[in-house]
Each structure stands twice: as structure tokens, then as C-alpha cells.
Amino acid sequence: MAVRIRAMTASAPPPASPPASESASESASESGSASGSEFVAPDGTLLAYRSYGSGDPLVCVPGGPADSAYLGDLGGLSAHRRLIVMDLRGTGRSEVPRDTTSYRSDRLVEDIEALREHLGLHRIDLLAHSAGANPAMQYAARYPERVGRLALITPGTRAVGTVITGETRRELARLRAGEPWFPAAFAALEALIAGTGGDRDAIAPFFYGRWDDAARRHHAAGHPDNPEAVARFGAEGAFDPEATRAGLAALRAPVLLLAGEFDLNSPPRSVTACVELFPDATLVVQRGAGHYPWLDDAGRFVAAAAAFLA
């Protein structure tokens, strides 16, 4: 099957940064506008989700694994779709499972399927961020007929075996050399790449297009609070890249791959390499954005995502 690519690049952001108080996703999450609901996973674990907005549902899978609150309403995407934002097992308001091996990425696939059944939908549109893209891609490979559209936002790529080298991260980091925080952050990055230690919080500025007060608050609030869920997410057996790639090659659903120009976690180069995995893929590189593009420029993020999901 031929690969069809529609490449789009969002225009560069204006030089002036908006005040932190004007962050659309931040204001939405702070306003408490989300409603909460629960459903039961196949193993009996009680799982929770938040709902923002109205209209056709869009199931959203967070990264981390962490409390999904960090997604907010994705910069105002809830004005276009009803966002069904999962709390992965052991995070947010979802229960800690009795069998903690079920934190593995491949085991989370059945939680997504259980949510689809709970919602009573024959097919779901699915959006996933960061590490959440791994179970989302595994879901699409296992249940391709259940996916209407798949939006992968600054996606993790372990499920498909895409390797990100230390040199790729260094090259991307050097684009920020003019930032006042760069020397300390780059030194911490070098130590992490070399395996000699390093402060992960010190490299946080590389994950945001603007390291301002809003970014600092978002980073502080978004730390995963279940270390075991994080540790077991990629445990042995969690990923079978060959099988997942084979399943995705048969996926008929349109796929959006959205990268942030400065994203050290999911570099544009690695996201672009995933385009060939899908028969119908759209690639967007959002200029000036990091790992959380709805925070860096909500307007441009929502425009790209809403156009794809329309």
C-alpha cells in the first residue's frame, strides 16, 4: 500500500510571548470545568476519565504515565470536540491495579478498548501524547477497525522501535544556545546522555518553547507520582516493534504526527521517521514548540489538530 503524506509546517510564533495568565489550557484546567466518570477494565481495575467540552468524542491518552490533568483541555481543543481524557491505571483518579505488571504499555491497550466499549462507540478517534502514543499505536495495530482517526502529539516511539540517539538530542538542544538557562541545562543533558548522573529537572527548559512562569508551573505540576507505573511501563515484553509496525501498515485510518520544533523528548527527526509506518499520514512540525505544543502556542496547535479531526 502506498504511503500518502501531506506535509504541513505551522508558521513561526511571534517574538512576544503571551502572559502566562492567558494560557488557554491552563485556565481550562484551573477552572475545574472537566467532569469525571469511571469504567471498569477487563481485570476489574476501576479506571477514571475526565470529559471536557461537547460534540463528537475524542479519546485522549496521556503520557507519563502521569495524572492526565497536565493535558488540560489541550489549549482549547474542547471547543471542537468532546475530550475524553483517560487517567491510566495507577495515575490520577484511577485505581492501582492488583497486578502491577499490567502497567506495561501493551497491557494498557485493553484499557483503551474497555473505554471504547464503555462509551458505546463502534469506532473511536484517538489522540495520544508523548509516552501515551505507544499504547495508542499498539491499540491501532491490534484493533485497526476500531480507529477512525489517530492523532499522535509529540509521540514516544518505543512501540515501533524508533531509536533517538544522544547526538540527535545534542543537535536539537544546541538550537537553544542563546537562552539564559542553556549552559546549566546542556551540562545536565550531557551528563544524562553519558550516564554519569545529571538532574532531569535541569533539562526541563528544553521541553518547552518558552521557559516562562507558565512552563515552570506546568512542569512542577506534571511530575509522575507513581514511580512503579513509570518503571513497569516499558518492562520486558511491553513492546514488539515488528508486530506493531506490521499492524500499522494495514491501518486505514488517517494519522496525524505532530512534532515540536524544539522538542528534546520526541525530536522532529524521530517523528518524521514514523511517517512511513502509516498508509495515510499527515506530518506537522509546529515552529517554536517543545513537547507541549498546546502550551507554547494554543492557537496554532488547535488549528492543526482541529483541521485534522474535522
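Residues numbered from 1 in each chain as written. Predicted model: local features only at pLDDT ≥ 70, side-chain atom pairs only at ≥ 80, totals over all residues. Heavy atoms only, no water.

Caption draft 1: Spatial organisation of the overall build of the protein chain. Check the secondary structure of the protein chain and you find 11 helices and nine strands. Here the protein chain, with 310 residues, has 55% of them falling under the buried criterion. Partitioning the intrachain contacts of the protein chain with sequence separation of at least 6 by distance along the chain shows that 73% fall at a separation of at least 24. For the protein chain, the exposed surface amounts to about 12,900 Å²; the carbon and sulfur share of it is 51%. (Helix = DSSP H or I, 4+ residues; strand = E, 2+ residues; numbered from the N terminus. Buried < 20%, exposed > 50% of the residue type's maximum accessible area, 1.4 Å probe, protein only. Contact = heavy atoms within 4.5 Å. Areas by Shrake-Rupley, 256 points an atom, 1.4 Å probe, with all protein chains shown as cover.)

Caption draft 2: Representation of unusual backbone geometry. Cis geometry is adopted by the peptide bond preceding Pro65, which originates at Gly64 and carries an omega value of 0°. The residue Pro65 is located in the loop between β4 (57-61) and β5 (82-87) in this model. A positive phi angle, close to 55°, is found at Ser130, a residue other than glycine. Assessed through its relative accessible area of 10%, Ser130 is described here as buried. Positive phi values are uncommon outside glycine, yet Thr154 reaches one of about 35°.

Caption draft 3: Geometry of the side chain of Thr154. Mapped onto the fold, Thr154 is located in the loop between β7 (147-153) and α4 (166-173). Judged by its relative accessible area of 0%, Thr154 is buried. In terms of polar contacts, Thr154 uses its side chain to reach the side chain of His129, at 3.1 Å. (Polar contact = N/O pair within 3.5 Å; in protein donor to acceptor, adjacent residues only side chain to side chain.)

Caption draft 4: Fine view of the pattern of salt bridges. Per the stated rule, a full pass over the model turns up 21 salt bridges. Salt-bridge contacts for Arg116 lead to Glu117; the nearest nitrogen and oxygen are separated by 3.9 Å. We classify Arg116 as buried; its relative accessible area is 7%. Among the residues examined, Glu117 registers a relative accessible area of 52% and is labelled exposed. Shared partners join several salt bridges into a network, and the residues in it are Arg50, Asp67, Asp87 and Arg93. (Salt bridge = Lys/Arg side-chain N within 4 Å of Asp/Glu carboxyl O.)

Caption draft 5: Region of interest: the environment of Arg170. Mapping Arg170 onto the fold places it in helix α4. Distance in space between the C-alpha atoms of Arg170 and Leu189 is 8.0 Å, their sequence separation being 19 residues. If sequence neighbours within four positions are ignored, Arg170 has contacts with Phe186, Glu190 and Ile193. A polar contact of 2.7 Å, which involves the side chain of Arg170, links it to the side chain of Glu190.

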